[in-house]
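Chain residues, written in single-letter form:
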Amino acid sequence: MEFYEIGQQIKDIRKEKKLSQSVLAGKVGITRQTLSKLEKGDIAKTSLQVFIKILEALDQKLYIEDKKPFYYFDPKSVE
């Protein structure tokens, strides 16, 4: 999963819960600008502590799954 995908999911959940960036950022203890950058995927090195605080503020859990292999069709393989 790419950083922008994580950020987009955080943004979508925040909006579903009708929270502004300012309110969520205040709950987490970061600036609104930092949250905005995170939602855009601009912050790759967000601390795990901040990430966990965001999940807690949004009443979310993190699930870790095995990465599924990516299969694609290579037309050259049938020649």
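Residues numbered from 1 in each chain as written. Predicted model: local features only at pLDDT ≥ 70, side-chain atom pairs only at ≥ 80, totals over all residues. Heavy atoms only, no water.

Novice: What should I look at first to understand the confidence of the model for the protein in this one?
Specialist: Close inspection of predicted coordinates is inappropriate in any region flagged by low pLDDT. Averaged over all residues, the pLDDT of the protein equals 86, while 86% of them reach at least 70. The least confident element of the protein, judged by mean pLDDT, is helix H4 (residues 48–57) at 90; the most confident is helix H2 (residues 21–28) at 96. (pLDDT = per-residue confidence, 0-100. Helix = DSSP H or I, 4+ residues; strand = E, 2+ residues; numbered from the N terminus.)

Novice: Could you clarify how one ought to interpret the side chain of Gln21 in this entry?
Specialist: Along the polypeptide, Gln21 turns up in helix H2. Not counting residues up to four positions away in its chain, the partners in contact with Gln21 are Arg14, Arg32, Leu35, Ser36 and Glu39. (Contact = heavy atoms within 4.5 Å.)

Novice: Looking at this structure, how should I read the environment of Ser22?
Specialist: Summarising the element assignment, Ser22 is placed in helix H2. The partly exposed category is assigned to Ser22, whose relative accessible area is 45%. (Buried < 20%, exposed > 50% of the residue type's maximum accessible area, 1.4 Å probe, protein only.)

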